[in-house]
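Geometric and topological summary
If you want the building blocks of each chain, they are given just below.
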Amino acid sequence: MASFCLHVPCTLRKFSISASSNGAALPSQNPGPVIVELPLTKIRRPLMRTRENDPQKVQELMESIQEIGLQVPIDVLEVDGVYYGFSGCHRYEAHQRLGLPTIRCKVRRGMKETLRHHLR
């Protein structure tokens, strides 16, 4: 299994990584998720707080983000150009508390029906 390290500057950049098991390029009809840096202000969090975030976990994430950056992007759903975040609550709060303007996101496109499913 191959491994690699990817360094991404903290500017708005968009890229996708895809490969098949035989090394051939995947069709671009359905490109799948992409990794982007999004402004925190552009991510709607419709469920807000269904539970309180663990303050210790947020603090540990803040220290880690300051030292090595965010290692795992948060998952975001894009519907009609609007971004919705349903997970990554601790990482999102850590970025807010650090005063960081953007956060690395794994964005997948969805339809309104997908959004309605997440809101149930």
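Preceding this section is the structure that the text describes.
Residues numbered from 1 in each chain as written. Predicted model: local features only at pLDDT ≥ 70, side-chain atom pairs only at ≥ 80, totals over all residues. Heavy atoms only, no water.

Some thoughts on the nonpolar core
With 17 residues, the main nonpolar core has Leu38, Ile43, Ile74, Ile103, Cys105 and Val107 as its most contacted residues. For this core, the elements supplying multiple residues, two or more each, are β2 (34-39), α1 (55-68), β4 (74-79), α2 (89-98) and β6 (102-109). With 4 residues, the single largest contributor to this core is α1. Aside from chain neighbours lying at most four places away, what touches valine 107 is Gly32, Pro33, Val34, Val36, Leu38, Val76, Glu78 and Tyr83. (Core = buried A, V, L, I, M, F, W, Y, C linked by side-chain atoms within 4.5 Å. Buried < 20%, exposed > 50% of the residue type's maximum accessible area, 1.4 Å probe, protein only. Helix = DSSP H or I, 4+ residues; strand = E, 2+ residues; numbered from the N terminus. Contact = heavy atoms within 4.5 Å.)

Some words on the environment of leucine 47
Within the secondary structure layout, leucine 47 lies in the loop between β3 (43-44) and α1. When its relative accessible area of 37% is taken as the criterion, leucine 47 is described as partly exposed. The sequence separation of leucine 47 and histidine 118 amounts to 71 residues, and the corresponding C-alpha distance is 9.3 Å.

Thoughts on the side chain of glutamate 78
Relative to the assigned elements, glutamate 78 resides in strand β4. What makes glutamate 78 buried here is its relative accessible area of 10%. Residues within four places of glutamate 78 in sequence aside, it is in contact with Tyr83, Val107, Arg108, Arg109 and Gly110.

Thoughts on the pattern of salt bridges
Across all of its chains, the model carries 5 salt bridges by this definition. With its nearest N and O atoms 3.6 Å apart, the salt bridge here joins glutamate 37 to arginine 104. Within this pair, whereas glutamate 37 is found in strand β2, its partner arginine 104 is found in strand β6, the two being separated by 67 residues in sequence. When its relative accessible area of 6% is taken as the criterion, glutamate 37 is described as buried. (Salt bridge = Lys/Arg side-chain N within 4 Å of Asp/Glu carboxyl O.)

Regarding the pairing of β4
The element β4 is extensively covered by neighbouring structure, given that 5 of its 6 residues are classed as buried. Bridging between β4 and β6 involves 5 bridges; their strand directions are parallel. From the neighbouring strand, isoleucine 74 faces β6, where its bridge partner is cysteine 105. The sheet contact formed by β4 and strand β5 (residues 82-85) spans 4 bridges and is antiparallel. The partner of valine 76 across the bridge, within β5, is glycine 85. In textbook terms, the turn of a hairpin is the stretch between consecutive antiparallel strands, and for β4 and β5 this stretch comprises 2 residues, one of which, aspartate 80, has a positive phi near 55 degrees. (Pairing = 2+ DSSP bridges.)

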